[in-house]
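# Structural characterization, general
These are the residues of each chain, in order.
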Amino acid sequence: IASESHHLRLSTRQAFWLSFCVTAILLSNRVCWARFERMSVGKMTVAALSWMFRSSKIPWEILLAHSIRMVLRQFGISEGQLVIDDSDNKRSKRTSGVAHVHKMKDKSSGGYVMGQQIVFLLLVTSKITIPVGFAFYQPDPAWKLWQKEDKLLKKAGVTKINRPVKPPRNELYPTMQMIALNLLAQFVHNHPMIRIRCVLADALYGTQAFMHTASKICGGVQVISQIRRNQLITTKNRSQSVQAYFTSYPGVQFDLRIRGGNTKTITLAGARLHVDAHGTKLFVLAVRYEGEKENRYIVATDLTWRMTDIAQAYTLRWLVEVFF
């Protein structure tokens, strides 16, 4: 560990254990103590390996921050874009001993499965794309219980005034937006030498509170996200959906580099509009890729950027799917 954390230096035993585990993971592509035991040719046991992980006081978060710093120095990286996204990790329906497991909707089948949800922060640079932070998300049990009860009462025709009041948020169960903001703050604190060009996120993070706070955390940088097609915008004292607004502006065709690689033809239209839910003016883009029938609507906080630059930057968000 670097000199500023000399009091947290790994012991010789910890360093040997960690180097062995990293080597075993790279060779086996698994995190499995039994497999590691076999690879040690009888010199290490499952009990000893797992005890070291569970009981040894290794400062994991600081170790991760310094490991990332070493990689950035090795590649000479001084700037990049930060991408936020989340991923579902399905587990067995009978899973009980794994942390942060909860019931969640299965996007592929439409049903429900047991699993974990992880929020990721990626740094996209001209040389490499690497994960620089992650955290598990777990819904608030009291909040979920209230939502379930409120839905049943609403379906039964009970008026809002007669339904239970929404419970306050428990700090032990932060939302995905809160987790993402915390990851951004950690990255800025741990890597002040990295210049953040913009922050990219999907529609889940396209709220006014998130976009404004994310920009503030990163020094006022551009934040780009998506909004729904029925989001209201106001122009000339007239309120209408963003989809209705862009029906009058078919847009023009551009050749755009996707993920910094291949070029594709897109139809692009944009305007600086007052988005009602955000209470401020944003740069709103209607983007339609070749072969698609409907637009997707992108919003950006910094109005000084060009329309094509916003669309180009947002394509880098899809690199997170490659990472997953």
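Another point: the overall build of the protein chain. Scanning the protein chain for helices and strands turns up ten helices and twelve strands. By the burial criterion, 40% of the 324 residues in the protein chain qualify as buried. Contacts in the protein chain between residues far apart in sequence, at least 24 positions, make up 57% of those at least 6 positions apart. Carbon and sulfur atoms form 54% of the exposed surface of the protein chain, whose accessible area is close to 19600 Å². Side-chain charges of the protein chain comprise 44 positive and 21 negative groups, with the mean position of each set lying 3 Å from the other.

Okay, the nonpolar core next. Counting 44 residues, the largest nonpolar core has Leu82, Ile84, Leu184, Val199, Phe210 and Phe246 as its most contacted members. With seven residues, helix H6 (residues 176-190) is the single largest residue contributor to this core. Residues Ile118, Leu268, Phe283 and Val320 belong to the second largest nonpolar core, which totals 25 residues.

We now examine helix H4 (residues 60-74). With 15 residues, H4 ought to run about 21 Å at 1.5 Å a step, and its terminal C-alpha atoms sit 21 Å apart, in line with that. When H4 is considered as a whole, its buried residues turn out to be Leu63, Ala65, His66, Ile68, Arg69 and Leu72. Considering only its buried residues, H4 is in contact with helix H1 (12-28), strand S3 (112-124), strand S4 (129-137) and H6. Looking one or two places after H4, you find Gly76, whose phi comes out positive at around 65°.

The next subject is the pairing of strand S8 (residues 238-241). As paired strands, strand S7 (residues 232-235) and S8 are joined by four bridges and run antiparallel to one another. Its bridge partner being in S8, Thr234 is matched across the sheet by Ser239. From the end of S7 to the start of S8, which pair antiparallel, there are two residues, and Lys236 there has a positive phi angle of about 55°.

With respect to the helices, strands and loops of the structure, Thr175 is situated in the loop between helix H5 (141-155) and H6. Its relative accessible area of 13% is what places Thr175 among the buried residues.

When its volume is computed, the largest pocket comes out at roughly 1400 Å³. Considering the residues around the largest pocket, the lining is formed by 43 residues, among which Trp60, Glu61, Leu64, Gly133 and Phe134 are closest to the centre. If you list the elements that add at least two residues to the lining of the largest pocket, you get H1, helix H2 (33-39), H4, S4 and H6. Size it by volume and the second largest pocket reaches roughly 850 Å³. Surrounding the second largest pocket, 21 residues form its lining, Lys103, Tyr137, Pro139, Lys144 and Gln147 being those nearest its centre. Among the secondary structure elements, those contributing two or more residues to the lining of the second largest pocket are strand S2 (102-105), S3, H5 and H6. A total of five residues in the lining of the second largest pocket trace back to one element, the largest contributor, which is H5.

Attention now moves to a positive patch on the surface. There is a patch of like positive charges on the surface, built from Lys154, Lys160, Lys166 and Arg169. Assessed through its relative accessible area of 56%, Lys154 is described here as exposed.

So, on to the packing of H1 against helix H3 (residues 46-55). One can describe the packing of H1 onto H3 by two numbers: an axis separation of 11 Å at closest approach and a directional angle of 115°. Judged by the angle between their axes, H1 and H3 are roughly perpendicular. Remark: the crossing between H1 and H3 carries left-handed chirality. Residues Arg13, Gln14, Trp17 and Phe20 of H1 lie in contact with H3, whose contacting residues are Leu49, Met52 and Phe53. Considered class by class, the residues forming the contact of H1 with H3 number five nonpolar, one polar and one charged.

Evaluated as defined, the whole model comprises eleven aromatic pairs. Ring centres of Trp17 and Trp60 lie 6.2 Å apart, and the angle between their planes is 65°; this geometry places the pair in the edge-to-face category. Of this pair, Trp17 sits in helix H1 while Trp60 sits in helix H4, and the two are 43 residues apart along the sequence. An aromatic cluster of at least three residues, connected via ring pairs, comprises Trp17, Trp33, Phe36, Phe53 and Trp60. In this structure, Lys103 is placed above the aromatic ring of Tyr112, and the distance from its NZ or CZ to the ring centre is 5.1 Å. Geometry around Trp143 places Arg169 over its ring, the cationic atom sitting 3.8 Å from the centre.

Before going further, it helps to examine the pairing of S7. The alternating pattern of S7 places Ile233 and Thr235 on a buried face and Leu232 and Thr234 on a face that is not buried. Where S7 meets strand S10 (residues 263-275), two bridges bridge the pair, whose relative direction is antiparallel. Looking at S10, one finds that Thr234 is bridged to His274.

Enumeration over the complete set of coordinates arrives at seven salt bridges. For Asp85, the salt bridge goes to Arg317, with nearest N and O atoms at 3.1 Å. Linking Asp85 in strand S1 (residues 79-91) with Arg317 in the loop between helix H9 (307-314) and helix H10 (319-323), this pair joins segments that are 232 residues apart in sequence. Accessibility assignment for this pair places Asp85 and Arg317 in one class, buried. Arg229 is the salt-bridge partner of Glu294, the closest N and O atoms lying 3.3 Å from each other. Highlighted residues: Glu294 in the loop between strand S11 (280-289) and strand S12 (296-300) and Arg229 in the loop between strand S6 (222-227) and S7, separated in sequence by 65 residues. Overall, Arg229 belongs to the partly exposed group, its relative accessible area being 43%.

Each value, and the rule that gives it
- Residues numbered from 1 in each chain as written.
- Predicted model: local features only at pLDDT ≥ 70, side-chain atom pairs only at ≥ 80, totals over all residues.
- Heavy atoms only, no water.
- Helix = DSSP H or I, 4+ residues; strand = E, 2+ residues; numbered from the N terminus.
- Buried < 20%, exposed > 50% of the residue type's maximum accessible area, 1.4 Å probe, protein only.
- Contact = heavy atoms within 4.5 Å.
- Areas by Shrake-Rupley, 256 points an atom, 1.4 Å probe, with all protein chains shown as cover.
- Lys, Arg positive; Asp, Glu negative; His and termini not counted.
- Charge placed at Lys NZ, Arg CZ, Asp CG, Glu CD.
- Core = buried A, V, L, I, M, F, W, Y, C linked by side-chain atoms within 4.5 Å.
- Expected span 1.5 Å × (residues − 1).
- Pairing = 2+ DSSP bridges.
- 1 Å grid on protein atoms, 1.4 Å probe; cavity = no way out; pocket = protein on both sides within 12 Å on 5 of 7 lines; lining within 4 Å.
- Points joined across faces, edges and corners; volume = space filled by probe spheres on them.
- Patch = residues over 30% accessible without salt bridge, like charges linked within 9 Å, V, L, I, M, F, W, Y side chains within 5 Å.
- Salt bridge = Lys/Arg side-chain N within 4 Å of Asp/Glu carboxyl O.
- Axes fitted to C-alpha atoms, helices over the stretch in contact; angles between N-to-C directions.
- Parallel < 35°, antiparallel > 145°, perpendicular 65-115°, else oblique.
- Left-handed = near helix turned anticlockwise from the far one by under 90°.
- Nonpolar A, V, L, I, M, F, W, Y, C, P; charged D, E, K, R; others polar.
- Phe/Tyr/Trp six-rings, centres within 6.5 Å; stacked < 30°, edge-to-face > 60°.
- Lys NZ or Arg CZ within 6 Å of the ring centre and 35° of its normal.

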